Amino acid sequence: MDESKIKQLVEEMTFPNGKNRDMTIDEVAVIQPGLGRIMPEIGARTWKLYYAGKAENWPNAMYQWKETTKLFELGAYTRPKHEDGIEEYLRDDWAPVKKAIENENLDEFMKAMEQAVDSANAWHEKKEKGYIRWKVPSEAPPDLDLTPRK
Ligand code: HEM
């Protein structure tokens, strides 16, 4: 069977999502999350990252940093029009946060976080979303005990 015939067959097939919904492969592709869905998760993790670092809980800060990085990468993949901007941000503003965590340097961390948040909002403006100004919430996230563990 040639490739175009296989493609046609796959396009006509449906796949159960385990919740009584059968979807075509195109429908599965279309519902992959964009930045409108991923960014609030990025905000929630960045909140945790900030307070983990502030408490000098470096293993937790590194965990939050890595999980947030994966969310950025997912957004760059599902929305190619934002790929270049996200890559630039990860290189220039997000990598210094990792460096500070590796150095276990609180002062360096707080400065890198301030720069990362300022730059995030500058990107929102560049993306014509200047009405989105993210800020670190004034309290630590209530669902995690961020006290460093011995
Ligand atoms: C730590 C860094 C960042 C944080 C914490 C953050 C946070 C957020 C949050 C919370 C929203 C959703 C606001 C809402 O639903 O009310 C949002 C939206 C958005 N952000 Fe970010 N952001 C960050 C970095 C970036 C970067 C680097 C870019 C682009 C290069 C970007 C592009 C966008 C866009 C395009 C939207 C609107 C999405 C849509 O509604 O389609 N953000 N951001």
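Up top is the structure.
None of these values were measured; they are calculated from a predicted model.

1. A few points about the overall build of the protein chain
Each helix and strand in the protein chain was counted, giving 6 helices and 2 strands. If you list the helices and strands of the protein chain from N to C, you get α-β-β-α-α-α-α-α. Relative to its length of 150 residues, the protein chain is extended, with a C-alpha radius of gyration of 20 Å against a globular reference of 15 Å. Expressed as lengths along the three principal axes of its C-alpha atoms, the size of the protein chain is roughly 60 × 35 × 30 Å. Within the protein chain, buried positions represent 17% of all 150 residues.

2. Things to note about the nonpolar core
Among the nonpolar cores identified, the biggest contains 14 residues, and V97, I101, A112, M113 and A116 are the most heavily contacted of them. When contributions to this core are tallied by element, the ones reaching two or more residues are helix 3 (35-54), helix 4 (58-78), helix 5 (83-103) and helix 6 (106-126). Tallying contributions element by element places helix 6 first for this core, with 5 residues. If we ignore the near neighbours within four places in the chain, the residues touching A116 are D93, W94 and V97.

3. Quick notes on the site of the ligand
Lining the immediate surroundings of the ligand are 20 residues, of which G36, M39, G43, G85 and A120 lie closest. Going through the elements one at a time, helix 3, helix 5 and helix 6 are the ones with two or more residues in the shell around the ligand. In terms of residue count, the dominant contributor to the shell around the ligand is helix 3 (7 residues). Along the lines of polarity and charge, the residues of the shell around the ligand split into 11 nonpolar, 7 polar and 2 charged.

4. Description of helix 6
Across its 21 residues, helix 6 extends 30 Å between first and last C-alpha, which sits within 8% of the 30 Å expected from 1.5 Å per residue. Looking only at helix 6, the buried set comprises F109, A112, M113, A116 and A120. For helix 6, the angular spread of buried residues about the axis comes to 105°, placing them on one side. Seen from the buried face of helix 6, the exposed residues on the opposite side, beyond 90 degrees, are D107, E114, D118, E125 and K126. For helix 6, the elements touching its buried residues are helix 3 and helix 5. E128 sits one or two positions beyond helix 6 and adopts a positive phi of about 60°.

5. Quick word on the environment of Y131
Here Y131 lies in the segment after helix 6. Classification of Y131 by C-beta neighbours within 10 Å gives exposed; the count is 7. Between the C-alpha atoms of Y131 and N121, which are 10 residues apart in sequence, the distance is 9.3 Å.

6. Observations concerning the packing of helix 5 against helix 6
For the pair helix 5 and helix 6, interaxial distance at closest approach is 8 Å and the crossing angle is 165°. Put simply, helix 5 runs roughly antiparallel to helix 6. With respect to the hand of their crossing, helix 5 and helix 6 are arranged in left-handed fashion. Between helix 5, through G85, Y89, D93, W94, P96, V97, A100, I101 and N103, and helix 6, the contact on the second element is made entirely by E108, F109, A112, M113, Q115, A116, S119 and W123. Among the residues making up the contact of helix 5 with helix 6, the classes are represented as 11 nonpolar, 4 polar and 2 charged.

7. Brief notes about the packing of helix 3 against helix 4
Pairs of packed helices are described in terms of their axes, by the angle between the two and the distance that separates them. One way to put it is that helix 3 packs onto helix 4 with a least axis distance of 8 Å and a crossing angle of 165°. Between helix 3 and helix 4, the angle falls in the class roughly antiparallel. Pair helix 3 / helix 4 crosses with left-handed handedness. Residues L35, I38, E41, I42, R45, T46, K48, L49, A52 and G53 of helix 3 pack against N60, A61, Q64, W65, E67, T68, L71, F72, L74 and G75 of helix 4.

Conventions we followed
- Residues numbered from 1 in each chain as written.
- Predicted model: local features only at pLDDT ≥ 70, side-chain atom pairs only at ≥ 80, totals over all residues.
- Helix = DSSP H or I, 4+ residues; strand = E, 2+ residues; numbered from the N terminus.
- Rg over C-alpha atoms; globule rule 2.2 N^0.38 Å.
- Buried ≥ 20, exposed ≤ 12 C-beta atoms within 10 Å, placed from the backbone.
- Core = buried A, V, L, I, M, F, W, Y, C linked by C-beta atoms within 7 Å.
- Contact = placed C-beta atoms within 7 Å.
- Near = placed C-beta within 6 Å.
- Nonpolar A, V, L, I, M, F, W, Y, C, P; charged D, E, K, R; others polar.
- Expected span 1.5 Å × (residues − 1).
- Arc of directions from axis to C-beta.
- Axes fitted to C-alpha atoms, helices over the stretch in contact; angles between N-to-C directions.
- Parallel < 35°, antiparallel > 145°, perpendicular 65-115°, else oblique.
- Left-handed = near helix turned anticlockwise from the far one by under 90°.

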